[in-house]
Amino acid sequence: MVTVIGLGPMGQAMVRKFVAAGYPTTVWNRTAGRADGLGAAVAPSVADALAANRLVVLSLTDYQAMYDVLGGAELDGKVIVNLSSDTPARTRAAAKWLADRGAELIAGGVMVPAPLVGTEHAYIFYSGRADVYAVHSELLGHLGKAHYLGADHALAQLYYQAQLDIFLTSLSSYLHASALLKAAGVSAADFASFAVDNFNSLSMYVADAARNIDSGEHPGDLANVTMMGATADHIVGASRELGVDPRLPEAVQAQYERAVKDGHGKSSWTSLIEGLT
Ligand code: NDP
């Protein structure tokens, strides 16, 4: 029914879910041994893995790994669901490369870590041909709630990158804040509950911010760019005083400086987006 190629933590988690759901599953991995104990049929070669099923799920480090694994293989008629991370342009190029070989790409981005694959917390962005996706949507649904985004292969990848953009930047800002306090002798444990409050409250800004971004109107009646830019200056200043790498808050500071220069001093912080594109 399904072949899975790539048995890192994510691929292994996917195989476990397919097997548990009763789908005959064939696997192949570059490093032998990672298929042990998964309950799937282990193909001796990529060619055998491809021959076993029309539907092939890839869970590899990036799209280059797809070329490394599939380059030279017979792909005619295959549906390749690539759940590996990469850029939108490389995803579109991969769709063409596969189409030239008679195969269809469904691109996807899994939004949870391996232990949460197939749980109620898991969700996955997909894009590619609607009719091809529809044929396999039930099976793919065992990995997590699916959000099908349309025919443009790059879109699932872009949604994935956008979510990881928020995730990685937030984690780094948390570490920077912790480093500031660490330099002053405060433990991460003492700061933790305040950081949690901060993360929890961030989501309440999103609906209003989205309205501002989409309308291009950024009323700054409660908090404006000039005030928040001064705060950005203070975070950079605190970093320098305490010997903490200032480059992350400097990047934020630069966005506020540009917004002020562009005449948005009295606008909401959401006006910073005008300088980003
Ligand atoms: P890993 O990097 O741990 O595993 C990658 C897999 O790709 C391994 O099976 C590895 O084989 C294979 N691989 C890498 N390069 C090549 C190559 N050149 N030729 C052949 N095989 C190759 O990744 P994960 O399982 O953690 O993640 C897979 C994808 O899912 C990534 O794109 C990641 O960004 C994404 N993702 C990961 C999450 C996570 O929490 N881990 C969460 C959400 C998405 P080998 O075993 O031989 O090294």
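Residues numbered from 1 in each chain as written. Predicted model: local features only at pLDDT ≥ 70, side-chain atom pairs only at ≥ 80, totals over all residues. Heavy atoms only, no water.

Going by an unreviewed UniProt entry, the protein chain carries the name 3-hydroxyisobutyrate dehydrogenase-like beta-hydroxyacid dehydrogenase and comes from Actinocrispum wychmicini. UniProt lists a comment for the protein chain under the heading Sequence similarities (unreviewed entry), and it reads "Belongs to the HIBADH-related family." (UniProt positions renumbered as here; feature names shortened; annotations may be inferred.)

Student: I keep staring at the UniProt feature "domain: 6-phosphogluconate dehydrogenase NADP-binding" (unreviewed entry) in the protein chain and nothing clicks. Help me out?
Tutor: As recorded in UniProt, the sites labelled "domain: 6-phosphogluconate dehydrogenase NADP-binding" (unreviewed entry) are residues 2–147. Secondary structure over residues 2–147 splits into 35% helix and 23% strand, and the C-alpha atoms at its two ends are 20 Å apart. (Helix = DSSP H or I, 4+ residues; strand = E, 2+ residues; numbered from the N terminus.)

Student: Honestly, the pairing of strand β4 (residues 55–58) in this entry has me stumped. Any pointers?
Tutor: Side-chain positions along a regular strand alternate between the two faces of the sheet. Every second residue of β4 is oriented toward a common face, with Leu55 and Val57 on one face and Val56 and Leu58 on the other, all of them buried. Across 4 bridges, strand β1 (residues 2–5) lies against β4 in parallel orientation. By the bridge assignment, Val4 is partnered in β4 with Val57. As for the winding sense of the linkage, the β-α-β connection from β4 through helix α3 (residues 63–70) to strand β5 (residues 79–82) is right-handed. (Buried < 20%, exposed > 50% of the residue type's maximum accessible area, 1.4 Å probe, protein only. Pairing = 2+ DSSP bridges. Right-handed = clockwise from strand over helix to strand, strands pointing away.)

Student: Is there a simple way to explain a nonpolar patch on the surface in this structure?
Tutor: Together, Phe199, Leu202, Met204, Tyr205 and Trp269 make up an exposed nonpolar region whose accessible area comes to about 520 Å². Residue position: Trp269 is located in the segment after α10 (247–261). For Trp269, a relative accessible area of 34% translates into the label partly exposed. (Patch = residues over 30% accessible without salt bridge, like charges linked within 9 Å, V, L, I, M, F, W, Y side chains within 5 Å. Areas by Shrake-Rupley, 256 points an atom, 1.4 Å probe, with all protein chains shown as cover. Salt bridge = Lys/Arg side-chain N within 4 Å of Asp/Glu carboxyl O.)

Student: In this structure, what is going on with empty space enclosed by the protein? I would like to understand it.
Tutor: Over the atoms, a rolling probe the size of a water molecule traces out where space has been left empty. By the definition in use, this model includes 1 cavity of 30 Å³ or more. Around the largest cavity sit Gln255, Arg258, Ala259, Asp262, His264, Ser271, Leu272, Glu274 and Gly275, which together line it. Partitioned by chemical class, the residues of the lining of the largest cavity number 2 nonpolar, 4 polar and 3 charged. (1 Å grid on protein atoms, 1.4 Å probe; cavity = no way out; pocket = protein on both sides within 12 Å on 5 of 7 lines; lining within 4 Å. Points joined across faces, edges and corners; volume = space filled by probe spheres on them. Nonpolar A, V, L, I, M, F, W, Y, C, P; charged D, E, K, R; others polar.)

Student: Looking at this structure, I do not really get the layout of surface pockets. What am I missing?
Tutor: The volume enclosed by the second largest pocket comes to roughly 570 Å³. Every element with two or more residues in the lining of the second largest pocket is listed here: α1 (9–20), α3, β6 (104–110) and α6 (153–183). Class assignment of the residues belonging to the lining of the second largest pocket gives a composition of 16 nonpolar, 11 polar and 3 charged.

Student: I tried to follow the environment of Val15 on my own but got confused; where do I start?
Tutor: Within the secondary structure, Val15 is located in helix α1. Classification of Val15 by relative accessible area gives buried; the value is 0%. Val15 sits 260 residues away from Gly275 along the chain, and the two C-alpha atoms are 44 Å apart. Discounting residues that sit within four places of it in the chain, Val15 has contacts with Val4, Leu7, Thr25, Val27, Leu38 and Ala40. (Contact = heavy atoms within 4.5 Å.)

Student: Is there a simple way to think about the nonpolar core in this case?
Tutor: Across soluble globular proteins, you tend to see nonpolar side chains buried next to one another. Phe18, Val57, Val81, Leu83, Tyr126 and Leu143 are the most contacted members of the largest nonpolar core, which has 30 residues in total. Within the residue set of this core, elements represented by two or more residues are β1, α1, β4, β5, β6, β7 (123–128) and α5 (130–140). When residues no more than four places from it in sequence are discounted, the contact partners of Val81 are Leu55, Val56, Val57, Leu58, Ile106, Tyr126 and Leu140. Counting 23 residues, the second largest nonpolar core, distinct from the first, contains Trp28, Val46, Leu60 and Ala107. (Core = buried A, V, L, I, M, F, W, Y, C linked by side-chain atoms within 4.5 Å.)

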